[in-house]
Amino acid sequence: MECIKMFSEFCPSSNEDNKRNFCVKFGFDLQLFSGEKTEDATTKRKGEAREKGQVAKSMEVNSVFIIVAAFFTLKIIGSYIYDELIGYMQLVFTNLVMADVTINSIREIFFSFGMVILKTSLPVMGVILLVSVIINFVQVGFIFSLEPLMPSFSKINPISGLGRIFSTRSIAEMVKSLGKIIIIGYFIYRFMIKHTLLIPSLVNAELIDTLHLTASLIIDLVFQISAVMLVLAVFDYFYQWWSHKESLKMSKDDIKQEHKQMEGDPQIKGKIKQRQREMSMRRMMQEVPKADVIVTNPTHFAVALKYEQAMLAPVVVAKGKDLIAHRIKEIAKENKVAIVENKMLARALYATVEIDHPVPQELYQAVAEVLAYVYKLKKRLS
């Protein structure tokens, strides 16, 4: 139908057969476009992806900050690590070498070695762990999901694997990795050219001076590379954010299906509302026999009023229009409830007062006159 309408706009003089043949021949169906992922993800879709651990996160940002934190820690506690290693070497090459080879001496060597490793590596490892947790939290917040760890056949399916290898994302990652290698290689090359002349001067230098200079040069190189990698990491983060946003995009049909799931099937909702109306109507009709009077239009409106001494004002217990008004009057006649014709009052009560609500003050006098008439009529009949 959409195809025929659009063809009619361009060729209004064409007959119906030509229009229909055109659509059949070219398969012109606008429903084909409903499957395209052109719409931004809804809040529900984003929440579901987050629960599955699918978030925008750049590993480059993590790597840069971890490397900087590790080497910065090494620069600060470098002398401490050096002292610990020298102390261990002195222990091994002076005291333990001269001792007899026994189980206890070997145990002491390994125990001392383990203690040195712990003392020198724990500070660096602790800083790396702390920085990695902080960077991850800054990027994606707190997420706990076991979904990425769950086994999935698609992860070991060779066809799906080939699709991931030759996907746009994989190509982008390959280009990004090649770019990093080229940039890092350039900085290393430039660093080597700049400091090549320092190597001959280290031949006659003391060991501690050589180690100090070498460590200083390496840390300086790492910081230079890290500065460049930080700029690349910022671009990578925005790329990951854009890629994640594109991967979550939905089609118009997806959004419609989601709305149906959230709001329910319109047919089911219609049936529920119909049942609710029927139950409300049934309860209202059950209150008609308890009313004191039915005020009518006389054909279009009917309002049932009830008043007791404990009430502050008369209450509308039922009201209706046309067929419902006719049914209210039938029930009133069956139960000998008084019916009074008052066109203006019936219209006013129907328009302004809800069921189970009291009559407003501006209608007190009119309602009181009707009730007084009914009570007088009942007294006369009794």
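Please read all numbers here as calculations on a predicted model, not as lab measurements.

Conventions adopted
- Residues numbered from 1 in each chain as written.
- Predicted model: local features only at pLDDT ≥ 70, side-chain atom pairs only at ≥ 80, totals over all residues.
- Heavy atoms only, no water.
- Helix = DSSP H or I, 4+ residues; strand = E, 2+ residues; numbered from the N terminus.
- Buried < 20%, exposed > 50% of the residue type's maximum accessible area, 1.4 Å probe, protein only.
- Contact = heavy atoms within 4.5 Å.
- Areas by Shrake-Rupley, 256 points an atom, 1.4 Å probe, with all protein chains shown as cover.
- Salt bridge = Lys/Arg side-chain N within 4 Å of Asp/Glu carboxyl O.
- Pairing = 2+ DSSP bridges.
- Axes fitted to C-alpha atoms, helices over the stretch in contact; angles between N-to-C directions.
- Core = buried A, V, L, I, M, F, W, Y, C linked by side-chain atoms within 4.5 Å.
- Phe/Tyr/Trp six-rings, centres within 6.5 Å; stacked < 30°, edge-to-face > 60°.
- pLDDT = per-residue confidence, 0-100.
- Lys, Arg positive; Asp, Glu negative; His and termini not counted.
- Polar contact = N/O pair within 3.5 Å; in protein donor to acceptor, adjacent residues only side chain to side chain.

1. A word on the overall build of the protein
Working step 1: When helices and strands are tallied, the protein shows 15 helices and 5 strands.
Working step 2: Counting only residues that meet the buried cut, the protein has 26% of its 382 residues in that class.
Working step 3: Long-range contacts, defined here as pairs at least 24 residues apart, represent 74% of the contacts in the protein between residues at least 6 apart.
Working step 4: Entry remark: accessible area of the protein is about 27,300 Å², with carbon and sulfur atoms responsible for 65%.

2. Brief notes about the pattern of salt bridges
Working step 1: Counted under the stated rule, the structure contains 7 salt bridges.
Working step 2: Across the pair K180 and E60 runs a salt bridge whose closest N-O atoms are separated by 2.8 Å. Taken as a pair, K180 in helix α8 (residues 168–195) and E60 in helix α4 (residues 59–96) lie far apart in primary sequence, 120 residues in all.
Working step 3: By relative accessible area, which is 12% here, E60 ends up buried.
Working step 4: For the salt bridge of E287 with K290, the shortest nitrogen-to-oxygen distance reads 3.7 Å.
Working step 5: For K290, a relative accessible area of 47% puts it in the partly exposed group.
Working step 6: Residues joined by salt bridges that share partners form a network here, namely E60, K176, K180 and D236.

3. Considering the sheet that holds strand β4 (residues 338–341)
Working step 1: Ordered by their spatial adjacency, 5 strands build an open sheet running β4-β1-β2-β3-β5, and the pairing between neighbours is mixed. The open sheet terminates on both sides in strands that have one partner only, identified here as β4 and β5 (357–358).
Working step 2: Contacts between helix α13 (residues 323–334) and the sheet are confined to β1 (293–296), β2 (301–306), β3 (315–321) and β4, with β3 contributing the most and set at about 125° to the helix.
Working step 3: The strands touched by helix α14 (residues 343–352) are β1, β2, β3 and β4; relative to β2, the strand with the most contacts, the crossing angle is about 80°.

4. Some words on the nonpolar core
Working step 1: Grouped together as the largest cluster of nonpolar side chains are 18 residues, with contacts concentrated most on V293, V295, L305, L345, L349, V367 and V370.
Working step 2: Among the elements of the structure, β1, β2, β4, α14 and α15 (364–381) are those that each provide at least two residues to this core.
Working step 3: Considering each element in turn, this core owes the most residues, 4 residues, to α15.
Working step 4: The contact partners of L305, leaving out residues within four places of it in the chain, are A291, D292, V293, V295, V315, V316, L349, V359 and V367.

5. What about the environment of M229?
Working step 1: With respect to the secondary-structure elements, M229 resides in helix α10 (residues 207–247).
Working step 2: Separated by 45 residues in the primary sequence, M229 and I184 place their C-alpha atoms 8.6 Å from one another.
Working step 3: Excluding anything up to four places from it in sequence, M229 contacts E60, V64, K180 and I184.

6. Notes on the packing of aromatic side chains
Working step 1: Within the structure shown, the criterion is met by 5 aromatic pairs.
Working step 2: Ring geometry for Y237 against F238: centres 5.8 Å apart, planes inclined by 75°, an arrangement best described as edge-to-face.
Working step 3: Residue Y237 is classed as partly exposed on the basis of its relative accessible area, which comes to 26%.
Working step 4: The interplanar angle of 35° and the centroid separation of 6.3 Å between the aromatic rings of Y239 and W242 together place this pair among those described as tilted. Taken together, the residues Y239 and W242, both in helix α10 and 3 residues apart, mark about one turn of the helix.

7. Remarks on the confidence of the model for the protein
Working step 1: Model confidence for the protein is summarised by a mean pLDDT of 77, while 80% of its residues fall at 70 or above.
Working step 2: Across residues 24–34, confidence stays below pLDDT 50; counting only partners more than four residues off in sequence or on other chains, it has 9 contacts.

8. Considering the side chain of K319
Working step 1: Locating K319 in the fold gives a position in strand β3.
Working step 2: For the buried K319, which has no salt bridge, the nearest side chain bearing the opposite charge is E354, at an N-O separation of 4.2 Å.
Working step 3: A polar contact is formed between the side chain of K319 and the backbone oxygen of Y350, at a distance of 2.9 Å.
Working step 4: Within polar-contact distance, the side chain of K319 engages the backbone oxygen of V353 at 2.8 Å.
Working step 5: Excluding residues within four positions of it along the chain, K319 makes contact with M284, A302, V303, I324, I328, Y350, V353, E354 and I355.

9. With respect to the pairing of β4
Working step 1: Covered by surrounding structure in β4 are A338 and V340 only, the residues I339 and E341 on the alternate face being uncovered.
Working step 2: Pairing geometry for β1 and β4, over 4 bridges, is parallel. The residue of β4 that forms the bridge with V295 is V340.

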